[in-house]
Amino acid sequence: MNKKINILISASILGLLALSLIQGYLINNTYKLKKEAFINDTRRSISRIDDFSPTLDSLSNIWQEDLLTTLTDYKVKTATKTDVINNLQRVIDSINELFKQGYQKELLKNNIPYGIKYHKSVKHIILMDSISNDTIYDYKKMPKAIILGDSIPVKNELYISNTLWETDHLDTREIDGKAVNTSLYLMFHTEDVMDIDGWKTEVFKQMIGLLMLSLLIFCFVFGLLYYSIKNLITQKKIADIKTDFVNNITHELKTPLTTLSLASEMLKNPLVKKDSQHFDATINTIERQNKRLQKLIDQVLSNSLGYKEIKLIKKPVEIEAYLNTVLDDFSLIPYTKNVTLNRVFLAKNKVIKIDKFYITTALLNILENAVKYSNDDCVITFNAEIDSDLKISITDHGIGISEENHKHLFDKFYRVEDKALHDVKGLGLGLYYSNQIVKAHHGTITVKSEKDIKTTFIITLPIN
Ligand code: ADP
């Protein structure tokens, strides 16, 4: 059964883990889709700004016109490649601030709420004619040249678009006093990228409902599983306790029933019938065993009562006198062990209101346990003192109880599982019942014990 529960727990944990992984995978996929959709939407809005803003368009015209002029200079050899690039940079530096301001205005106009950085960079500038191509700028060989916009850390760059601009340009220049027509065939390749401030927060905001729901479902399934497993373990414990109880009571019933059947067989014997002494002894045995059976049944019936079902008839009793009678009666019980009882009373002339019958039962249960769970030489110390309440401690130096069993000692039918205790009979009701009696008196009962050293049960009863 234990093995089955362990398998069930492991399978449930694995199932929960698998479920969490699948859920994680689905959330991750949704995150990717939402991110993609968000970036695409922003990309579309930005492209619209770039395509349709007249302000930005006129600024673009400035550097494009200037570039064409310096490229013509390069063609007629009055400028070098470096001059072309430096000049482009100079023009851009002069208009970039205006561009950035214009861009922010367009963003506001288009109701784009989150901060966006944007820039256009050159990838290639190639001059072509019928004979050969001439590369002025190639981004693979040269540092990235931002034409317009903000600089963006490479890891934050989100791609918008690539633009290829091819144009024919015709210009007339005066060379050596002669007007010469120069034609340019130009390929200009740019790339637009953006950086959306806090896009993760935006996407997360869109997913918050889904995340909360997933978390809620996970907690619900986890809670359900935890509750079911806990319930299962409790049920298993109860089933074990019940099985132990049935075994114990069967064990307890066996001896008187066997003796009774032997005694009644004996009574049938004509020799016993004729021998009145033998006959009477057998009848006495039957009576004793009968009483024992009766006591056992009473014990099961009454000792199973809860504290609310115990009807107390409280009367004032003088503490020391009462405890002395209980201990005197206890000393009269014949035991096979060597029992020494020490009494330490610090409660002279004090009176307490209790139900004597029930408190006596509780005290005798603990005292009898002290003998039952001791070695052959049993020394018990019975201590009573008044400390606003009546405090009774019963200490023995027997087998003791290990720490992990303390919290269960007062449970119904609980017996410590110990191979050494196999032959010590009991139903696991004594301490349960003693606790219920003390509770009915609004008192407490606690245990202090060290395995193989000693055990002390402390009963506290309110004086009033
Ligand atoms: P039982 O009929 O088994 O004695 P109890 O309810 O009286 O039932 O006691 C519960 C368990 O507590 C016992 O089975 C025993 O293991 C443990 N126990 C009780 N008293 C003592 C003691 N004085 N020393 C060691 N163990 C004890």
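Located above this text is the structure these notes cover.
Since the model is a prediction, treat every value here as computed from it, not as a measurement.

Colleague: Requested: an account of the overall build of the chain, with residues and values cited.
Modeller: Counting secondary structure elements, the chain contains 10 helices and 12 strands. Relative to its length of 464 residues, the chain is extended, with a C-alpha radius of gyration of 49 Å against a globular reference of 23 Å. C-alpha atoms of the chain, sized along the principal axes, occupy 165 × 55 × 35 Å. Evaluated residue by residue, the chain yields a buried proportion of 39% over its 464 residues. Look at the contacts in the chain between residues 6 or more apart in sequence, and 74% of them connect residues 24 or more apart. For the chain, the accessible area works out to roughly 28500 Å², and carbon and sulfur atoms hold 58% of it. Once the 59 positive and 56 negative side-chain charges of the chain are each reduced to a mean point, those two points are 9 Å apart.

Colleague: How would you sum up the layout of surface pockets? Please name residues and give values.
Modeller: Space inside the second largest pocket adds up to approximately 550 Å³. Lining the second largest pocket are 20 residues, with Lys237, Asp240, Ile241, Tyr414 and Glu417 sitting closest to its centre. For the lining of the second largest pocket, the element with the most residues is helix H4 (residues 199–268), which contributes nine residues.

Colleague: Give a detailed account of the side chain of Ser449, specifying residues and quantitative values.
Modeller: Turning to its location among the elements, Ser449 is positioned in strand E11 (residues 444–450). Residue class for Ser449 comes out buried when judged on its relative accessible area of 12%. Within the structure, Ser449 has its side chain in polar contact with the backbone nitrogen of Ile401 (distance 2.8 Å). Engagement of the side chain of Ser449 in a polar contact is seen with the side chain of Thr455, the distance being 2.9 Å. Setting aside residues no more than four positions away along its own chain, Ser449 makes contact with Gly400, Ile401, His406, Lys454 and Thr455.

Colleague: Provide a residue-level description of the environment of Leu323, including the pertinent values.
Modeller: Within the secondary structure, Leu323 is located in helix H7 (residues 319–332). In sequence terms Leu323 and Ile366 are 43 residues apart; their C-alpha atoms lie 14 Å from each other. Once residues within four sequence positions are removed from consideration, Leu323 is found in contact with Phe345, Leu363, Phe382, Ala384 and Ile392.

Colleague: Which residues make up the site of the ligand, and what values do they have?
Modeller: The immediate surroundings of the ligand are formed by 21 residues, with Asn369, Tyr373, Asp396, Arg415 and Leu431 found nearest. Arg415 is positioned such that a nitrogen or oxygen atom in its side chain is 2.5 Å from an oxygen atom of the ligand. The separation between an oxygen atom of the ligand and a polar main-chain atom of Gly430 is 3.3 Å. Considering the ligand on its own, with 530 Å² of exposed area, one finds that the protein chains cover 97% of that surface. Within the residue set of the shell around the ligand, elements represented by two or more residues are helix H8 (356–372), helix H10 (430–440) and strand E12 (454–462).

Colleague: Please set out the pattern of salt bridges residue by residue, giving values where relevant.
Modeller: Tallied over the full model, the rule gives 15 salt bridges. Here Lys100 makes a salt bridge to Glu97, at a shortest N to O gap of 3.7 Å. With Lys100 and Glu97 both in helix H3 (residues 81–109), this residue pair falls three residues apart, about one helical turn. Under the relative-accessibility criterion, Lys100 is labelled partly exposed at 25%.

Colleague: I'd like to hear about the pairing of strand E4 (residues 158–175), residue by residue, with values.
Modeller: Where E4 meets strand E5 (residues 178–196), 17 bridges bridge the pair, whose relative direction is antiparallel. For Tyr159, the partnering residue across the bridge sits in E5 and is Val193. Hairpin remark: E4 followed by E5, antiparallel, with two residues in the connecting loop; positive phi at Asp176, about 50°.

Colleague: Which residues make up the packing of aromatic side chains, and what values go with them?
Modeller: Within the structure shown, the criterion is met by 11 aromatic pairs. Pairing Phe218 with Phe222 gives two aromatic rings, centres 6.3 Å apart and planes at 15°, and the pair type is stacked. Within this pair, Phe218 and its partner Phe222 are both found in helix H4, separated by four residues, close to a single helical turn. Its relative accessible area of 29% is what places Phe218 among the partly exposed residues. Using a relative accessible area of 44% as the deciding quantity, one classes Phe222 as partly exposed.

Colleague: Tell me about the sheet that holds strand E7 (residues 338–346), and please be specific about residues and values.
Modeller: Across the sheet, which stays open at both edges, the five strands sit in the order E7-E9-E10-E12-E11 with mixed pairing between neighbours. Sheet topology places E7 and E11 at the edges, where each strand pairs with a single neighbour. Each adjacent strand pair in this sheet contributes to an overall mean axis angle of 15°, direction not counted. For strand E9 (residues 377–387) and strand E10 (residues 389–396), the ladder comprises eight bridges, and the chain directions are antiparallel. By the bridge assignment for E10, Phe382 is matched with Ile394.

Procedures and definitions
Residues numbered from 1 in each chain as written. Predicted model: local features only at pLDDT ≥ 70, side-chain atom pairs only at ≥ 80, totals over all residues. Heavy atoms only, no water. Helix = DSSP H or I, 4+ residues; strand = E, 2+ residues; numbered from the N terminus. Rg over C-alpha atoms; globule rule 2.2 N^0.38 Å. Buried < 20%, exposed > 50% of the residue type's maximum accessible area, 1.4 Å probe, protein only. Contact = heavy atoms within 4.5 Å. Areas by Shrake-Rupley, 256 points an atom, 1.4 Å probe, with all protein chains shown as cover. Lys, Arg positive; Asp, Glu negative; His and termini not counted. Charge placed at Lys NZ, Arg CZ, Asp CG, Glu CD. 1 Å grid on protein atoms, 1.4 Å probe; cavity = no way out; pocket = protein on both sides within 12 Å on 5 of 7 lines; lining within 4 Å. Points joined across faces, edges and corners; volume = space filled by probe spheres on them. Polar contact = N/O pair within 3.5 Å; in protein donor to acceptor, adjacent residues only side chain to side chain. Near = heavy atom within 4 Å. Salt bridge = Lys/Arg side-chain N within 4 Å of Asp/Glu carboxyl O. Pairing = 2+ DSSP bridges. Phe/Tyr/Trp six-rings, centres within 6.5 Å; stacked < 30°, edge-to-face > 60°. Axes fitted to C-alpha atoms, helices over the stretch in contact; angles between N-to-C directions.

Nothing here speaks to function; it is all geometry.
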